[in-house]
Amino acid sequence: MSAPVGADRSLGQLVASATAELSALVHDEIALAKTQLKQDVKRGVVGSAAGIAALTVLIFSLPMLSFALAYGFRTWTGWNMAICFLLSFAVNVLVAAVLGLIALVFMKKAKKGKGPQKTVASAKQTAAVLQNAKPHPRPEPAGVLPTVSGRPYPAAAVEAKGAHLDRGGEGGTAVARSSS
């Protein structure tokens, strides 16, 4: 059997690796939020441009288009000029309404875009999981002596004499007391 991944790495190396990976995750989440925000802004700009185009067409083309259409209707139908001008105005309003609907569709798409909110929620969920994460106790390898104050302590020798460990000594050091 092979050793588990990271078995030969020290605790400091593992913490450094976890910190680097967490930092990379946060940077990736921020980059994703920026990208999604750019898409939403782009949709808003396109919608705004279509709305401005609708207003521009309605305002600037009405006089010229109205006259051209009115005279065209008069030529084709022979109707009164007043009716022909009303028909040309109706055509202009129809064109402006179509452009306005296009603007409305793009604006709704931009408003619906919740890319950054999804990314923020994902980042919060990741942070919550990492906050509640606790290290798993690892079993001690066979043949390793327990330590007291950072030094190996021969517990088997103490147990053989009938003593137990007591943490009540001076300075919190372990003191072996006899059970007699």
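Residues numbered from 1 in each chain as written. Predicted model: local features only at pLDDT ≥ 70, side-chain atom pairs only at ≥ 80, totals over all residues. Heavy atoms only, no water.

In the annotation of an unreviewed UniProt entry, the entry for the protein reads Phage holin family protein, and the organism field reads Streptomyces odorifer.

Asker: Where do I start with the environment of Arg43 in this structure?
Answerer: When you line up the elements, Arg43 lands in helix H1 (residues 11-77). Separated by 68 residues in sequence, Arg43 and Lys111 place their C-alpha atoms 8.8 Å apart. Beyond its immediate chain neighbours, meaning those up to four positions away, Arg43 contacts Phe106, Lys109 and Ala110. (Helix = DSSP H or I, 4+ residues; strand = E, 2+ residues; numbered from the N terminus. Contact = heavy atoms within 4.5 Å.)

Asker: Honestly, the packing of aromatic side chains in this entry has me stumped. Any pointers?
Answerer: Given two aromatic rings, their pairing is described by the distance between the two centres and the angle made by the two planes. Counted according to the given criterion, the structure contains three aromatic pairs. Measuring from ring centre to ring centre gives 5.4 Å for Phe67 and Phe85, while their planes differ by 90°; the resulting arrangement is edge-to-face. Pair noted here: Phe67 is in helix H1 and Phe85 is in helix H2 (residues 81-112), with a separation of 18 residues, a long-range link. Its relative accessible area of 27% is what places Phe85 among the partly exposed residues. (Phe/Tyr/Trp six-rings, centres within 6.5 Å; stacked < 30°, edge-to-face > 60°. Buried < 20%, exposed > 50% of the residue type's maximum accessible area, 1.4 Å probe, protein only.)

Asker: What exactly am I supposed to notice about the environment of Leu62 here?
Answerer: Structurally, Leu62 is set in helix H1. In the structure, Leu62 is positioned 27 residues away from Phe89 in sequence and 7.2 Å away in space, judged by C-alpha atoms. With residues up to four places along the chain from it excluded, the contact list for Leu62 reads Val57, Phe89 and Asn92.

Asker: What is the right way to read a nonpolar patch on the surface from this model?
Answerer: On the surface, Val46, Leu94, Val98, Ile102 and Phe106 cluster together into a nonpolar patch covering about 400 Å² of accessible area. Looking at the nonpolar patch, the element that brings in the most residues is H2, giving four residues. With respect to the helices, strands and loops of the structure, Leu94 is situated in helix H2. (Patch = residues over 30% accessible without salt bridge, like charges linked within 9 Å, V, L, I, M, F, W, Y side chains within 5 Å. Areas by Shrake-Rupley, 256 points an atom, 1.4 Å probe, with all protein chains shown as cover. Salt bridge = Lys/Arg side-chain N within 4 Å of Asp/Glu carboxyl O.)

Asker: Just checking my understanding: could you explain the environment of Val120 for this structure?
Answerer: By the element assignment, Val120 lies in helix H3 (residues 115-132). Judged by relative accessible area, Val120 falls into the partly exposed class, the value being 41%. When the C-alpha atoms of Val120 and Ile30 are compared, they prove to be 8.6 Å apart, with 90 residues separating the residues in sequence.

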